[in-house]
Amino acid sequence: MNAFRYGLISALQAIVVFVAIACCASTVRADEAPSFSERVDLEPLGTIAVYGEGRLKSLGSHANSMMQFVTGPRKIAGQDSLFTYIDLMLRPEAYVDADLVYVKNRSVREAIARELERLAAADPTLAPDMAERMNAFRATGLTSPRFLHNAALEPLFSKLEADVIRTARPVSEIRSALAVAEPGFLLGKLMIVPPASKSTDDQWHSVGELMLVPGATTPPAALTRLVPSNGGMDPTAGIPGIDSALQGQIADAWRAFVNAWLAQDADGVRTASASLATLLPKVAEGSDLYPEQSRLAWESWYFHMDQLTSIWLVYMLSVVFLLLGLIYRWTWARRLGVGVFVVAFGLQTFALLLRWYISDRWPNSNMFEAVTTAAWFGGCAAMAIELFVRRTPMKSLFFLGSAAASMVALMTAHFLPVYLNPNISNMMPVLHDVWLYIHTNVIIFSYVLIFMAAVSAFCYLAWRMVGGTAAYARVGGAGMLVLEPGSKRARAGEAPSIGEVLDGVTMVLMELSFVLLWAGIVMGAIWADHSWGRPWGWDPKEVFALNTFVVFALLVHVRLKVVDKGLWTAILALGGAAVMLFNWIVINFVITGLHSYA
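Residues numbered from 1 in each chain as written. Predicted model: local features only at pLDDT ≥ 70, side-chain atom pairs only at ≥ 80, totals over all residues. Heavy atoms only, no water.

Draft legend 1. Highlighting the pairing of strand S2 (residues 55-58). Both strand S1 (residues 49-52) and S2 contribute to a ladder of four bridges, which runs antiparallel. Residue pairing across strands places Ala49 opposite Ser58, the latter belonging to S2. Between S1 and S2, which pair antiparallel one after the other, the connecting turn spans two residues, and Glu53 there sits at a positive phi close to 55°. (Pairing = 2+ DSSP bridges. Helix = DSSP H or I, 4+ residues; strand = E, 2+ residues; numbered from the N terminus.)

Okay, structure coming up:
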């Protein structure tokens, strides 16, 4: 047991050191003068609605979505996505040689770096520090648009595009990023002016359509290069149907915003932003077309806070205390761990409800939402089960499994936004069905219980590896829940060992996930028959969901026959979790199927 304790204590110390380093790395020297990006207050822009991707969203949400096409998961110079969007649109010259465009595919990244190094060796004027910049490119994935626009790279791009399976898509993403980064494109997507008809069926307008409308101020020279092509129409004519005086006021506010931005006048930007936020809703006055500004402000804040995925740090703290309570039987550590878990779960609940409020639908229609909502379901399950086991030796262990699951889920969402896209979009038509809220929720609920079972199974195997006996819960699974309050028996008259308790926890979670997974598969067949005209089609995701169920069915029967029940239960629980994760990771991101949207 000492080796078990020392190993886990070392892991906990490593976690604490990691958190301390992360906190220190985020501090800013007090003697540094704040930059424009730090001084400017973009909060007033948060209440401005933008039409994009089929929905009305906040300007901050729109910027986050658009910049992800260009910079991927990276932030340029630590700037907020909204700042980068506006700055790139109004001051493109500042980004000509900046490492701005993100290349996700590592093999394509390496091919580009080698070619650019070869070109720089032949022509040193291309970039004297090319070797250093390419090393940074290999590490971060960010490089300069100037390099990617180099005509000498076209033969390489053509060669990569010929490989349809492996490298054609990454090259297409590079070309898309370069197109999105163009100032004219960014302005054209800034559709913040409601239609004159005030109808939800009509298109919103880009602010570029009225930025040259006559008003009290003269358009700055910087706007002339952004004048959109209107099929030969007079750019000073504005938008038909909208009051000309109101158009002039909006145009003046926009021009004041541009002038203040170019002058890096933070106060001027805030004043102009507030004017725009006040004037734009007046175009749709008298209708319910314009979203509630409170909802827009919350959406902007939600994306500014990285979708609140940093809650994983609170869950990690909970895991630390709960493990200390498990290893040393410290009551104070267990209680503190439970308290921190409750705080973390409360924050996660707030994040989920906020996303529901913003999107006006239950959040489970893409991978980000499926993973984070599944983790929240795990917290709900832990809360409910702990009410039954609070006076048994299993108390707090379900909190441990849920905290670990939520920590991993939110860490994944936080550090891998390219794979778990956090942007809110409309649901695919096939998802507009009541079965979405039944089948999908039941399936992801079973998945998080499978992961929680894997946590207790892993702890059991660690206990066995450091000398634990071949123990298992004599009253297994859901039967553990009906022990008399205050009872400490897993064997008659004896207090149970850690191994017996962990095995009991694994069995409870396994049995619950087994039932839910079977119900989810059956409900999925009903939904498939309703949506696609057949209940089963051997789609990859269907097959591996069934494989996961088969593993747990095997676990039930193996446990009845083998002598070392605890060991084989733990091994098969981890195997089932591995199949489930393969289904969620490889099937979703590598193998295309009918379930590729989730």
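Still more ground to cover, so stick around.
Draft legend 2. Just the packing of helix H19 (residues 436-465) against helix H22 (residues 565-589), in detail. At a minimum axis separation of 8 Å, H19 and H22 run at an interaxial angle of 140°. Of the possible angle classes, the one that applies to H19 and H22 is oblique. Our pair here, H19 against H22, has a crossing hand that is left-handed. Listed contacts from H22 to Ile444, Tyr447, Ile450, Phe451, Ala453, Ala454, Ala457, Phe458, Tyr460, Leu461 and Arg464 of H19 are Gly566, Leu567, Ala570, Ile571, Ala573, Leu574, Gly576, Ala577, Met580, Asn583 and Trp584. (Axes fitted to C-alpha atoms, helices over the stretch in contact; angles between N-to-C directions. Parallel < 35°, antiparallel > 145°, perpendicular 65-115°, else oblique. Left-handed = near helix turned anticlockwise from the far one by under 90°. Contact = heavy atoms within 4.5 Å.)

Draft legend 3. Just the environment of Phe514, in detail. Note on placement: Phe514 falls in helix H20 (residues 498-532). By relative accessible area, which is 23% here, Phe514 ends up partly exposed. Along the primary structure Phe514 and Ser446 are separated by 68 residues, whereas in three dimensions their C-alpha atoms are 7.3 Å apart. In this view, Phe514 contacts Phe549, Phe552 and Ala553; residues no more than four positions away in its chain are not counted. (Buried < 20%, exposed > 50% of the residue type's maximum accessible area, 1.4 Å probe, protein only.)

Draft legend 4. Quick peek at the nonpolar core. In this structure, Tyr85, Ile112, Trp254, Phe257 and Trp261 are the most contacted members of the largest nonpolar core, which totals 85 residues. Considering each element in turn, this core owes the most residues, nine residues, to helix H12 (residues 244-262). Among all residues touching Phe257, those that are not within four sequence positions of it are Leu45, Ile86, Leu90, Val269, Ala272, Ser273 and Leu276. One finds Val389, Ala403, Ile498 and Phe552 within the second-largest nonpolar core, a separate group that totals 83 residues. (Core = buried A, V, L, I, M, F, W, Y, C linked by side-chain atoms within 4.5 Å.)

Draft legend 5. Summary view of the packing of helix H4 (residues 81-90) against H12. Between H4 and H12, whose axes approach to 11 Å, the crossing angle comes to 90°. The orientation of H4 relative to H12 falls into the category roughly perpendicular. Residue-level inspection shows Phe83, Ile86, Asp87, Met89 and Leu90 of H4 in contact with H12, the latter providing Trp254, Phe257, Val258, Trp261 and Leu262.

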